[in-house]
Amino acid sequence: MAYDYSRFLRNEKLPHIWCPGCTYGIVLKSFIRAIDSLGWDKNEIVVASGIGCCSRLPGYVDFNTLHTTHGRSIAFATGVKIANPKLKVIALGGDGDMTAIGGNHFIHACRRNIDITVLVFNNNIYGMTGAQYSPTTPKGAWATTAPYGMPENNFDVVNLAIGAGASFVARSTAYHATHCEKMIKEALLHKGLSVVEIINACPTGFGRKNKFKSPTSMLLWMKDKAVQKAKADKMSPEELADKLVIGVLHKEEKPEYVESYDATVGLNKGE
Ligand SMILES: Cc1ncc(C[n+]2csc(CCOP(=O)(O)OP(=O)(O)O)c2C)c(N)n1
Ligand code: SF4
């Protein structure tokens, strides 16, 4: 029997607004299956987004949702988690949302190790506003704001998160939909700040001008580029130079922010 996504959707909001060939629909389904597999009560789940094509996602899912301002989903999610630590809190956004305007929220949430899950939907471009470059646009790639090719170095979201102190960091792609579901599930189960970078395709903004002939070719690019962590561990840096390692790339146990905060404040108040 076909999987029934409608149990988790605000069906009255459909059809969605994403372009044909956009992979946000695929990852929305991975996200729903991950949550369903955990059997959590819908009412204990909070999903906060910023602004962007991917930030339409909370509009479609039937959880407690916040469609906030551009780059601020983590700030809102932090407030929710501190106010009610029992809630399962997820902040999501595009590469622009999370690594440009929201970059400071991102690194400081990682540093604090607050128990929220951050999903970074990386399509290497500002999709919603017309293909301006973002901090993850590869060097040399075309964007409306880089008509001669992106002149800047780009962020690696995984390395950024690990460097800033996140205690769980994973990567997947829209092509690897089942793997993506698994990464989201593991992130949701982790206590502390968990990040999943999900590589996405924006055929309308990024693909057409960057020599991808079709949305399918963008998915095949993800397939060819991805290497599972276990295999990557046996490869040389030269062999990995042009590859995208997927899987759980960092995991450690360390004190969680809300608990540390309560303990510190309680201690200083003499409780
Ligand atoms: C404060 C503010 N600045 C700029 C914008 C315009 N804006 C809306 S979405 C967006 C970028 C979206 O790109 P990304 O976050 O990568 O998400 P995508 O659309 O690719 O999913 C920008 C610059 C805004 N809404 N608010
Ligand atoms: S502009 Fe790009 S990211 Fe936005 S819906 Fe269209 S294909 Fe998807």
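Where an unreviewed UniProt entry is consulted, the chain appears under the name 2-oxoacid:ferredoxin oxidoreductase subunit beta, with the organism given as Deferribacter autotrophicus.

Turning our eyes to something else, we now look at the overall build of the chain. If you tally the helices and strands in the chain, you get 12 helices and 8 strands. Relative to its length of 271 residues, the chain is compact, with a C-alpha radius of gyration of 18 Å against a globular reference of 18 Å. Its C-alpha atoms put the chain at 65 × 45 × 35 Å along the principal axes. Taken across its 271 residues, the chain has 50% of its residues classed as buried. Sequence-distant contacts, at least 24 apart, represent 67% of the contacts inside the chain between residues at least 6 apart. Carbon and sulfur atoms form 55% of the exposed surface of the chain, whose accessible area is close to 12,800 Å². If the 31 positive side-chain charges of the chain are averaged to one point and the 25 negative ones to another, these points end up 5 Å apart.

Two side chains of opposite charge can pair, provided their charged atoms sit close to one another. The tally for this structure, following the rule as stated, stands at 12 salt bridges. In this structure, arginine 33 and glutamate 181 form a salt bridge, with 2.6 Å as the shortest nitrogen-oxygen distance. Here arginine 33, found in helix α1 (residues 24-38), pairs with glutamate 181, found in helix α7 (residues 177-189); they are 148 residues apart in sequence, far enough to count as distant. Taken individually, arginine 33 and glutamate 181 each receive the classification buried, so the pair is uniform in this respect. Lysine 42 is the salt-bridge partner of aspartate 62, the closest N and O atoms lying 3.1 Å from each other. Placement of aspartate 62 in the loop between α2 (57-60) and β2 (64-67) and of lysine 42 in the loop between α1 and β1 (45-49) is noted, with a sequence separation of 20 residues between them. Judged by relative accessible area, which is 31%, aspartate 62 ranks as partly exposed. What you see here is one network of salt bridges that share partners, running through Asp4, Arg7 and Asp36.

Here is what the cut-offs are and how they apply
Residues numbered from 1 in each chain as written. Chains lettered and ligands numbered in written order. Predicted model: local features only at pLDDT ≥ 70, side-chain atom pairs only at ≥ 80, totals over all residues. Heavy atoms only, no water. Helix = DSSP H or I, 4+ residues; strand = E, 2+ residues; numbered from the N terminus. Rg over C-alpha atoms; globule rule 2.2 N^0.38 Å. Buried < 20%, exposed > 50% of the residue type's maximum accessible area, 1.4 Å probe, protein only. Contact = heavy atoms within 4.5 Å. Areas by Shrake-Rupley, 256 points an atom, 1.4 Å probe, with all protein chains shown as cover. Lys, Arg positive; Asp, Glu negative; His and termini not counted. Charge placed at Lys NZ, Arg CZ, Asp CG, Glu CD. Salt bridge = Lys/Arg side-chain N within 4 Å of Asp/Glu carboxyl O.

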